[in-house]
Amino acid sequence: MTSTMDPQNLIVCGIGGQGNILLSRMIGRILTGKGYRVNIGETFGAAQRGGSVYSSMRVSKTRDFGPLVPEGSAHLVLSLEPLETLRMLQFYGNPDVLTVTNVQPIYPVGVLSKRVEYPNLDSLVQAIRELSANTWVLNATQIAMDLEAPIVANIVLLGALAASEALPISIEEMEEEIQRSFPGSKVELNLKALQAGFQGASQK
């Protein structure tokens, strides 16, 4: 994504409870602080039942745009769950979209009860790559578990976003936002998660 795109259209998605709404709001605050106009529309769906949750973000240097990204017009898909990544790409994707995704699945109740089957992960990731101009992948969930804090997977993904350089946001600005967003006792952990995501992301 380049700064010449105006507006820049972002989709931030995941499953209820993963923290992607916090993620989109942190990104929005950083960009607003840099002088961008940011509008965010949030769709919670069946969030409390582990359903799809996503934010539609439109970012401009010149004027306010409605928060809903038009179909087929995302510049960036940032996702905490790979099947959700594919779903968003099928609706909002286009040949130029950049994708940053966690590759650790969250299995819905239907899969856990063996009523439906979750797609093969390798095939799922391959489909994501085929639908994206560039794809950055990492197992944000495992990285967070290695830090003994699964809840920070969203911040790990934020670090991967910094590595991709998909937005005009530096990792230093992300660190400053973490210091503003979290109580003092949580800052060090989240800064570690950010750096781990930055180091762990890879372009595929």
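Everything discussed here concerns the structure shown above.
Residues numbered from 1 in each chain as written. Predicted model: local features only at pLDDT ≥ 70, side-chain atom pairs only at ≥ 80, totals over all residues. Heavy atoms only, no water.

Engineer: I keep staring at helix H4 (residues 121-130) and nothing clicks. Help me out?
Structural biologist: For an α-helix, 3.6 residues make a turn, and residues three or four places apart therefore share a direction. Listed as buried for H4 are Leu124, Val125 and Ile128. An end-on view of H4 places all buried positions within 95 degrees of arc, on one side of the element. Turned more than 90 degrees away from the buried face of H4, the exposed residues are Asp122 and Glu130. Those residues of H4 that are buried are in contact with helix H2 (82-92), strand E5 (98-102) and strand E6 (134-138). Between the side-chain oxygen at the start of H4 and the backbone nitrogen of aspartate 122 there is a gap of 3.1 Å, and the oxygen is on asparagine 120. (Buried < 20%, exposed > 50% of the residue type's maximum accessible area, 1.4 Å probe, protein only. Helix = DSSP H or I, 4+ residues; strand = E, 2+ residues; numbered from the N terminus. Arc of directions from axis to C-beta. Contact = heavy atoms within 4.5 Å. Polar contact = N/O pair within 3.5 Å; in protein donor to acceptor, adjacent residues only side chain to side chain.)

Engineer: Help me understand the layout of surface pockets, please; the structure alone is not making it clear to me.
Structural biologist: Unfilled space is identified by rolling a water-sized probe across the atoms. Quantified by volume, the second largest pocket comes out at close to 180 Å³. Within the residue set of the lining of the second largest pocket, elements represented by two or more residues are helix H6 (153-164) and helix H8 (184-200). Of the residues forming the lining of the second largest pocket, the biggest block, three residues, is contributed by H8. Taken together, the residues that form the lining of the second largest pocket break down as six nonpolar, five polar and one charged. (1 Å grid on protein atoms, 1.4 Å probe; cavity = no way out; pocket = protein on both sides within 12 Å on 5 of 7 lines; lining within 4 Å. Points joined across faces, edges and corners; volume = space filled by probe spheres on them. Nonpolar A, V, L, I, M, F, W, Y, C, P; charged D, E, K, R; others polar.)

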